[in-house]
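Read off the chains here:
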Amino acid sequence: MLISKAKKIIMANNQVIKFLIIGVSSVIADLLLLTLLVSILRFNTVLSVAITQILVLIYNFYLNKYWAFQSDKHNIKEVVRYILLVCINYSMGLIIMYIFNTIFSFNYQLVRIINVALMSIINFFAYKYWVYSVK
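Residues numbered from 1 in each chain as written. Predicted model: local features only at pLDDT ≥ 70, side-chain atom pairs only at ≥ 80, totals over all residues. Heavy atoms only, no water.

Some words on the overall build of the protein chain
Inclusion rule: Each helix corresponds to a stretch of at least 4 residues labelled H or I by DSSP, and each strand to a stretch of at least 2 residues labelled E; elements are numbered beginning at the N terminus. Working definition: with a 1.4 Å probe on protein chains only, accessible area under 20% of the residue-type maximum means buried, over 50% means exposed, and in between means partly exposed. Note on contacts: a residue pair qualifies if any of its non-hydrogen atoms lie within 4.5 Å across the two residues. To measure how exposed things are, a 1.4 Å probe is used in the Shrake-Rupley method; for residues, cover is taken only from the protein chains shown.
Within the protein chain, the regular secondary structure consists of five helices and zero strands. The linear arrangement of helices and strands in the protein chain, starting from the amino end, is α-α-α-α-α. By the burial criterion, 38% of the 135 residues in the protein chain qualify as buried. Put simply, of all contacts in the protein chain between residues at least 6 apart along the chain, 71% involve residues at least 24 apart. Here the protein chain has roughly 8,400 Å² of accessible surface; of this, 76% comes from carbon and sulfur atoms.

Shown next, in the form of structure tokens:
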């Protein structure tokens, strides 16, 4: 019963669908840029993640703000909260890539996919209830 109610809530919520579309397109862009920088241009993997994260985070901010969460406010608290969340995501992305790719030699693309998936789950709730819900 509880699962059935949860499914109805999620399916009725356009924010989840839009967030997922943004997330999937972000992952694709992130991986393409990361592959370009590492495999073709021969950049260091950690530096490449640093570059791709900046570009993807800007893309995410604007699409989530105006399309998924429809926040047309220009509130300094919203920006500060987003920047704080970005700093956490950015740091975690670099740390996770360093640990699992540089130290343990896991495939950088696999590491990135798992990292983005985990952070996306956390970010949905952070965006919905903390970043874009500023009164």
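Concerning the nonpolar core
In plain terms, the rule: Nonpolar cores are built from buried Ala, Val, Leu, Ile, Met, Phe, Trp, Tyr and Cys residues. Side-chain atoms within 4.5 Å join them into one set.
Residues Phe-69, Tyr-82, Tyr-127, Val-131 and Tyr-132 are the most contacted members of the largest nonpolar core, which totals 15 residues. The leading source of residues in this core is helix H5 (residues 108–131), at four residues. Those residues in contact with Val-131 that sit more than four places away from it in its chain are Glu-78, Arg-81, Tyr-82, Leu-85 and Ala-126.

Re the packing of helix H2 (residues 14–40) against H5
Applied cut-off: Axes here refer to lines fitted to C-alpha atoms; in helices the fit is confined to the stretch in contact. Angles between the N-to-C directions go from 0 to 180 degrees. With respect to orientation, any angle under 35 degrees is reported as roughly parallel, any angle over 145 as roughly antiparallel, any angle of 65 to 115 as roughly perpendicular, and every other angle as oblique. Should the near helix be turned counterclockwise from the far one by less than a right angle, the crossing is left-handed, whereas a clockwise turn marks it as right-handed.
At their nearest, the axes of H2 and H5 sit 10 Å apart, and the two run at 150° to each other. The angle between the axes of H2 and H5 places the two elements in the roughly antiparallel class. At the point where H2 passes H5, the crossing takes the right-handed sense. When H2 is examined against H5, the residues Gln-15, Val-16, Phe-19, Val-27, Asp-30, Leu-31, Leu-34, Thr-35, Val-38 and Ser-39 are found in contact with a partner set consisting of Tyr-108, Gln-109, Arg-112, Ile-113, Val-116, Ser-120, Asn-123, Phe-124, Tyr-127 and Lys-128.

Quick word on the packing of aromatic side chains
As a reminder, the rule being used: Working definition: rings of Phe, Tyr and Trp (its six-membered ring) pair if their centres are within 6.5 Å, and the pair is stacked with planes under 30 degrees apart, edge-to-face with planes over 60 apart, and tilted otherwise.
Tallied over the entire structure, the rule returns 16 aromatic pairs. Ring geometry for Phe-19 against Phe-124: centres 5.0 Å apart, planes inclined by 70°, an arrangement best described as edge-to-face. On the criterion of sequence distance, the pair formed by Phe-19 in helix H2 and Phe-124 in helix H5 is long-range, its members being 105 residues apart. As far as burial versus exposure is concerned, Phe-19 and Phe-124 are alike and both buried.

With respect to the packing of helix H4 (residues 76–103) against H5
The criterion, for reference: Only Asp, Glu, Lys and Arg are considered charged, only Ala, Val, Leu, Ile, Met, Phe, Trp, Tyr, Cys and Pro nonpolar, and every remaining residue, Gly among them, polar.
Between H4 and H5, the shortest axis-to-axis distance is 10 Å and the interhelical angle comes to 160°. Of the possible angle classes, the one that applies to H4 and H5 is roughly antiparallel. For the pair H4 and H5, the crossing hand works out as right-handed. The residues of H5 that touch H4, namely those facing Glu-78, Arg-81, Tyr-82, Leu-84, Leu-85, Asn-89, Met-92, Gly-93, Ile-96, Met-97, Phe-100 and Asn-101, are Tyr-108, Val-111, Arg-112, Asn-115, Met-119, Asn-123, Ala-126, Tyr-127, Trp-130 and Val-131. A per-class count over the contact of H4 with H5 returns 14 nonpolar, five polar and three charged.

Re the confidence of the model for the protein chain
Threshold: The predictor rates its confidence in each residue with pLDDT, a number between 0 and 100.
In the predicted model, the protein chain carries a mean pLDDT of 87, and 90% of its residues have values of at least 70. For the protein chain, helix H1 (residues 2–12) is the element with the lowest average pLDDT, namely 61, and H2 is the one with the highest, namely 92.

As for a nonpolar patch on the surface
Going by this rule: What makes a patch is a set of residues exposed beyond 30% relative accessible area and free of salt bridges, joined within 9 Å when like-charged and within 5 Å when nonpolar (Val, Leu, Ile, Met, Phe, Trp, Tyr). Take a side-chain nitrogen of Lys or Arg and a carboxyl oxygen of Asp or Glu: if they are within 4 Å of each other, that pair is a salt bridge.
On the surface, Leu-36, Ile-40, Leu-41, Phe-43 and Leu-47 cluster together to form a nonpolar patch covering roughly 440 Å² of accessible area. Residue position: Leu-36 is located in helix H2. Using a relative accessible area of 35% as the deciding quantity, one classes Leu-36 as partly exposed.

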